[in-house]
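Examining the three-dimensional arrangement
In case you want the letters, here they are:
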Amino acid sequence: MAVSRGSTDVPVAELTSAQAERELETLARAIAGHDKAYYEKDAPVIGDAEYDGLRRRNQAIEARFPALVRPDSPAQRIGAPPAAGFAKVAHARPMLSLGNAMDEADIREFFDGVRRFLKELQKDPALPIETVAEPKIDGLSISLRYEDGRFVLGATRGDGRTGEDVTANLRTVADIPDTIPGDAPRTLEVRGEIYMTRDDFARLNARQEDAGEKTFANPRNAAAGSLRQKDAAVTQARPLRFFAYAWGEVGGPVADTQWGFLGRLKDWGFPVDPLARLCAGVDDVLAHYGDVDRRRHGLPYDIDGMVYKINRLDWQERLGSVSRRPRWAIAHKFAAERARTVLKRIAVQVGRTGALTPVAELEPVTVGGVVVSRATLHNEDEIARKDIREGDTVIVQRAGDVIPQIVEVVADGRPPESRPFLFPDTCPECGSRALREEGGVVRRCTGGLVCPAQATERLKHFVSRDAFDLEGLGGRHIEAFRKDGLVTTPADIFRLEEKGGAIAGREGWGERSAANLFAAIAAKRTIALERFIYALGIRQVGRATARLLAKQYASLMAWRAAMDAARDADSEAYGDLVNIDGIGPLVAGEIIAFFSEPHNRAVLDDLAGQLTVENFAAPAAASPISGKTVVLTGTLDSMTRGEAKARAEALGAKVAGSVSKKTDYVVVGADAGSKAKKAAEIGVTMLSEAEWLELIG
Ligand code: IVH
């Protein structure tokens with residue numbers, strides 16, 4: 001089917017109403033066509049960004065010509081794509097998450113880290129670090145896009161890069177202004193939290209119960225469930241609220257400080273949490289934390305901590321972010337909530353790498369508004385140390401999204417027949433011996449490939465959110481498909497459709513859900529290199545390391561060839577690998593071992609036949625140092641090593657720890673030692689601090 005692009009280049013503000021009418025018609029047809037191509041035929045003709053552009057343009061035109069909104073408007077077709085849910089929205093700027101701090105020491109370390117990163121703060125310990133402390137609202141974050149003062153697009157956070165279009169539902173939320181004043185940037189994304197008050201939550205649940213409908217576990221779930229309604233009329237009947245606290249893409253500066261920004265948000269008509277405070281530094285921040293903690297049970301809504309944000313936006317900019325977490329902000333959680341319950345049984349689970357993990361099965365108990373029936377016991381030493389036994393009465397605690405834990409055993413709650421727990425020395429899943437590594441606390445199944453639990457967990461990891469992100473293929477499906485031999489290796493996932501009949505007939509599956517699954521899988525046949533590397537589940541290779549590898553080697557072929565060559569520890573390839581800042585011999589050893597295993601090589605070959613792995617796209621390709629390898633040595637006057645490294649990486653360079661023939665530049669600061677000498681010896685370009693600053697602008 002031919003699908004037109006459906007959009008003209010006339011600025012929305014200059015369209016005549018006749019042009020607008022024609023364009024809305026073309027857009028409605030084009031977007032419907034793209035939806036069909038994407039969701040039903042599984043053959044998209046345009047990329048996500050271009051598609052989102054069409055939707056945005058449609059919405060902008062509708063906003064200017066409300067009288068011309070068509071009955072078949074794409075914006076009105078809520079959840080239009082059949083069953084697959086809401087249309088996807090690529091966030092122009094990613095929606096970040098936050099690092100968590102549990103106690104005062106973590107917070108002091110955060111402030112120390114900021115001081116170490118910014119040279120002027122490092123030089124002058126008396127210079128205060130002004131910080132805004134805001135309540136951490138326990139809701140769900142959303143992004144609201146305004147163009148020329150009108151609300152045109154609202155999206156959920158999703159995975160931070162891509163969310164869901166919930167515009168129609170958000171239009172029903174009274175706290176969200178439809179239009180904002182003319183002094184706001186022409187393009188402005190306001191971010192914040194959708195939540196529900198405790199009273200509204202209780203009333204909603206009572207209403208649901210009366211109507212025989214399902215009730216919600218807590219206000220957060222109620223808010224999430226209410227927002228993700230296919231019918232906006234249902235959302236409208238739900239008491240959703242909004243607090244604004246951040247921005248996304250903006251067409252111009254929003255303010256000089258976070259505090260100034262909050263002030264402008266209020267001027268523009270957005271609700272801002274009244275408990276936000278401008279603090280003079282760490283002590284002030286901690287005092288405010290204590291204050292809010294004491295008052296929080298009396299607040300009308302749930303908060304689960306405080307968020308601290310460095311006030312100066314120029315400092316925020318320089319601090320930047322790592323692994324999608326800003327260096328300029330941190331969440332300070334409130335102390336965990338605790339409850340007492342009975343531990344019914346200790347189960348031992350086998351993970352992806354064969355680690356045996358004990359899990360406590362509990363008499364269900366409500367802890368901080370959530371029903372808890374399982375808790376982690378960490379490892380066998382932990383069980384022995386706390387002498388935790390089946391049948392014990394225990395104290396469980398839960399903090400934020402952390403897995404619930406057993407704090408202690410209640411002294412007088414032990415049944416007389418109780419025995420110390422005997423940790424198994426064989427794998428409960430495959431019967432292979434389970435051994436402890438020397439000096440380690442973890443006991444691992446030695447079954448490797450024959451162990452079904454390890455195979456299942458590896459597959460679950462493969463489809464997990466930061467890997468292939470196959471939402472429709474949950475843990476339970478993987479288990480069932482594996483058991484029936486439908487999926488035994490990762491590549492089998494991409495062959496599922498060939499066995500289509502076998503899925504659609506299964507319990508819990510129909511033609512439509514099977515078709516949706518196949519569409520979701522097909523959409524993942526093209527994948528970014530860093531996700532692919534992470535998905536392989538190599539020990540020690542988490543998201544950050546996967547990204548480092550993708551950046552270094554750029555393509556799957558190049559990476560594989562280099563890892564094969566690196567088997568020889570004297571090779572240049574090995575030297576390059578351990579020279580990546582952030583990868584040491586331990587991690588390198590795991591990667592090389594992975595590639596040495598014939599079955600892993602077979603899995604890779606098999607996957608290569610099913611997938612297109614996209615080469616790593618260096619950000620900021622236009623920078624003069626993008627793709628270059630840089631070594632920093634000595635002390636720089638204008639910035640700390642941390643900031644220099646972050647700047648270089650943000651401009652697309654690789655920062656290495658030592659000088660080799662592959663080094664493009666050595667930046668030589670004061671008191672540089674052996675690295676500068678080596679650079680001179682092998683003839684690598686050396687830059688003074690001034691030259692370096694000029695190069696990077
Ligand atoms: S700032 C870099 N401020 O917490 C900016 N987040 O753990 C990232 N949240 O996804 C967000 N209240 O859903 C920020 N005052 C606040 C917040 C807040 C709640 C949530 C938000 C975010 C999560 C990060």
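Residues numbered from 1 in each chain as written. Predicted model: local features only at pLDDT ≥ 70, side-chain atom pairs only at ≥ 80, totals over all residues. Heavy atoms only, no water.

Quick word on the side chain of Thr 393
Topologically, Thr 393 is positioned in strand E17 (residues 393-398). Thr 393 sits in the buried class, given a relative accessible area of 13%. Only 3.5 Å separates the side chain of Thr 393 from the backbone oxygen of Gly 413, close enough to count as a polar contact. (Helix = DSSP H or I, 4+ residues; strand = E, 2+ residues; numbered from the N terminus. Buried < 20%, exposed > 50% of the residue type's maximum accessible area, 1.4 Å probe, protein only. Polar contact = N/O pair within 3.5 Å; in protein donor to acceptor, adjacent residues only side chain to side chain.)

Some words on the packing of aromatic side chains
Applying the stated criterion to the full structure yields 15 aromatic pairs. Centroid distance Phe 110 to Phe 111: 5.4 Å. Interplanar angle 85°. Geometry classified as edge-to-face. Just as Phe 110 is buried, Phe 111 falls in that class too. Measuring from centroid to centroid gives 4.3 Å for Phe 462 and Phe 468, while their planes differ by 20°, and the two rings are stacked. (Phe/Tyr/Trp six-rings, centres within 6.5 Å; stacked < 30°, edge-to-face > 60°.)

Comments concerning the site of the ligand
Neighbouring the ligand are 14 residues; Glu 134, Ile 137, Glu 193, Tyr 245 and Lys 309 lie closest to it. The contact in question runs from a nitrogen atom of the ligand to an N or O atom on the backbone of Ile 137, over 3.0 Å. One of the side-chain nitrogen or oxygen atoms of Lys 309 is found 3.0 Å away from a nitrogen atom of the ligand. Its free accessible area being 520 Å², the ligand has 88% of it covered by the protein chains. Of all the secondary-structure elements, those providing two or more residues to the shell around the ligand are strand E3 (131-137) and strand E10 (303-310). Grouping the amino acids of the shell around the ligand by side-chain chemistry returns eight nonpolar, one polar and five charged. (Near = heavy atom within 4 Å. Areas by Shrake-Rupley, 256 points an atom, 1.4 Å probe, with all protein chains shown as cover. Nonpolar A, V, L, I, M, F, W, Y, C, P; charged D, E, K, R; others polar.)

Considering helix H6 (residues 198-210)
If you check H6, its first and last C-alpha atoms are 18 Å apart, about what 13 residues at 1.5 Å a residue would give, namely 18 Å. Every buried residue of H6 is accounted for by Asp 200, Phe 201, Leu 204, Asn 205 and Gln 208. For H6, the arc enclosing every buried residue in end-on projection is 135°, short of the 170-degree limit, so these residues lie on one face. Facing away from the buried side of H6 by over 90 degrees, the exposed positions are Asp 199, Arg 203, Glu 209 and Asp 210. Gly 212 sits one or two residues past H6 and shows a positive phi near 70°. (Expected span 1.5 Å × (residues − 1). Arc of directions from axis to C-beta.)

As for the sheet that holds strand E25 (residues 665-668)
Pairing in this open sheet of four strands is parallel, and the strands run E24-E23-E25-E26 from one edge to the other. Two strands close off the open sheet at either side, each with one partner strand: strand E24 (654-656) and strand E26 (685-688). Between one strand axis and the next, the sheet turns by 30° as a mean value, whatever way the strands run. Strand direction decides the pairing type here: strand E23 (residues 629-633) and E25, joined by four bridges, are parallel. (Pairing = 2+ DSSP bridges. Axes fitted to C-alpha atoms, helices over the stretch in contact; angles between N-to-C directions.)

A few points about the packing of helix H22 (residues 585-596) against helix H23 (residues 598-608)
Each pair of packed helices gets described by two things: the angle between the helix axes and the distance between those axes. Their axes nearest at 5 Å, the elements H22 and H23 cross at an angle of 80°. With respect to H23, the axis of H22 lies roughly perpendicular. Contact residues: Phe 594, Phe 595 and Ser 596 in H22; Pro 598, Asn 600, Arg 601 and Leu 604 in H23. The residue makeup of the contact of H22 with H23, split by class, is four nonpolar, two polar and one charged. (Parallel < 35°, antiparallel > 145°, perpendicular 65-115°, else oblique. Contact = heavy atoms within 4.5 Å.)

So, the environment of Val 10
Following the sequence through the fold, Val 10 ends up in the segment before helix H1 (17-40). On the basis of relative accessibility, which here comes to 27%, the residue Val 10 falls in the partly exposed class. Residues Val 10 and Ala 20, spaced ten residues apart in sequence, show a C-alpha to C-alpha distance of 9.9 Å. For Val 10, the residues in contact, after removing those within four places along its chain, are Leu 15 and Arg 57.

Structural notes on unusual backbone geometry
A positive phi angle is found at Asp 469, which is not glycine, with a value near 50°. Examined against the element boundaries, Asp 469 turns out to sit in the loop between helix H13 (452-463) and helix H14 (475-483). Even without a glycine there, the phi angle at Asp 671 is positive, about 55°. Position of Asp 671 among the secondary structure elements: in the loop between E25 and helix H25 (674-682). The class for Asp 671 is exposed, based on a relative accessible area of 75%.

Quick word on the pairing of strand E15 (residues 356-367)
Across seven bridges, the pairing between strand E14 (residues 337-350) and E15 is antiparallel. Its bridge partner lying in E15, Gln 349 is registered against Thr 357. Turn length for the E14-E15 hairpin, with the two strands adjacent in sequence and antiparallel, is five residues, and the turn residue Gly 354 shows positive phi of about 90°. Direction of pairing for E15 relative to strand E16 (residues 370-376): antiparallel, over a ladder of six bridges. Bridge pairing in E16 places Val 367 opposite Val 370.

Points about the nonpolar core
Judged by nonpolar contacts, the single largest core of 56 residues is most densely connected at Ile 493, Phe 532, Leu 549 and Trp 559. Looking at which element gives the most residues to this core, the answer is H22, with six residues. When near neighbours in sequence (up to four residues on either side) are disregarded, Leu 549 contacts Ile 533, Val 541, Ala 554, Trp 559, Leu 577, Ile 580, Ile 583 and Ile 591. The next biggest cluster of nonpolar side chains, apart from the first, holds 36 residues, and it includes Leu 144, Phe 151, Val 254 and Ala 276. (Core = buried A, V, L, I, M, F, W, Y, C linked by side-chain atoms within 4.5 Å.)

Concerning the state of the cysteines
According to the stated counting rule, one finds zero disulfides in the structure shown. Left without a disulfide partner, Cys 430 is nearest to the cysteine sulfur of Cys 445, which lies 3.6 Å away. (Disulfide = S-S within 2.5 Å.)

A look at the pattern of salt bridges
Enumeration over the complete set of coordinates arrives at 50 salt bridges. Between Asp 387 and Arg 389 there is a salt bridge whose closest N-O contact spans 3.1 Å. Between Arg 414 and Asp 387 there is a salt bridge, and its shortest N-O distance comes to 3.0 Å. Linking Arg 414 in the loop between strand E18 (405-409) and strand E19 (434-436) with Asp 387 in the loop between helix H12 (380-386) and E17, this pair joins segments that are 27 residues apart in sequence. (Salt bridge = Lys/Arg side-chain N within 4 Å of Asp/Glu carboxyl O.)

Overview of the sheet that holds E10
Spatially, five strands are ordered E2-E13-E10-E3-E9 in an open sheet, and the strand pairing comes out mixed. Single-partner strands in this sheet number two, and they are strand E2 (100-101) and strand E9 (277-279). As defined by bridge partners, E2 adjoins strand E13 (residues 329-333) across two bridges and the pair is classed as parallel. Bridged to Asn 100 within E13 is Ala 331. Of the strands in this sheet, E2, E3, E10 and E13 are in contact with helix H3 (residues 104-117), which crosses E13 at around 170°. Strands in contact with helix H9 (residues 258-267) are E3, E9 and E10; relative to E3, the strand with the most contacts, it is inclined by about 55°.

Focus on the side chain of Glu 134
Mapped onto the elements of the fold, Glu 134 is located in strand E3. When residues no more than four places from it in sequence are discounted, the contact partners of Glu 134 are Tyr 245, Gln 258, Leu 262, Ala 276, Gly 305, Met 306, Val 307 and Lys 309.

What to know about helix H19 (residues 543-553)
Residues of H19 that are buried include every one of Thr 545, Ala 546, Leu 549, Ala 550, Lys 551 and Tyr 553, and no others. Following H19 by one or two positions, Ala 554 adopts a phi angle in the positive range, close to 65°.

Focus on the environment of Arg 57
Along the chain, the position of Arg 57 falls in helix H2 (residues 48-64). For the pair Arg 57 and Leu 299, spaced 242 residues apart in the sequence, the C-alpha separation amounts to 40 Å. A distance of 2.6 Å separates the side chain of Arg 57 from the side chain of Glu 23, its partner in a polar contact.

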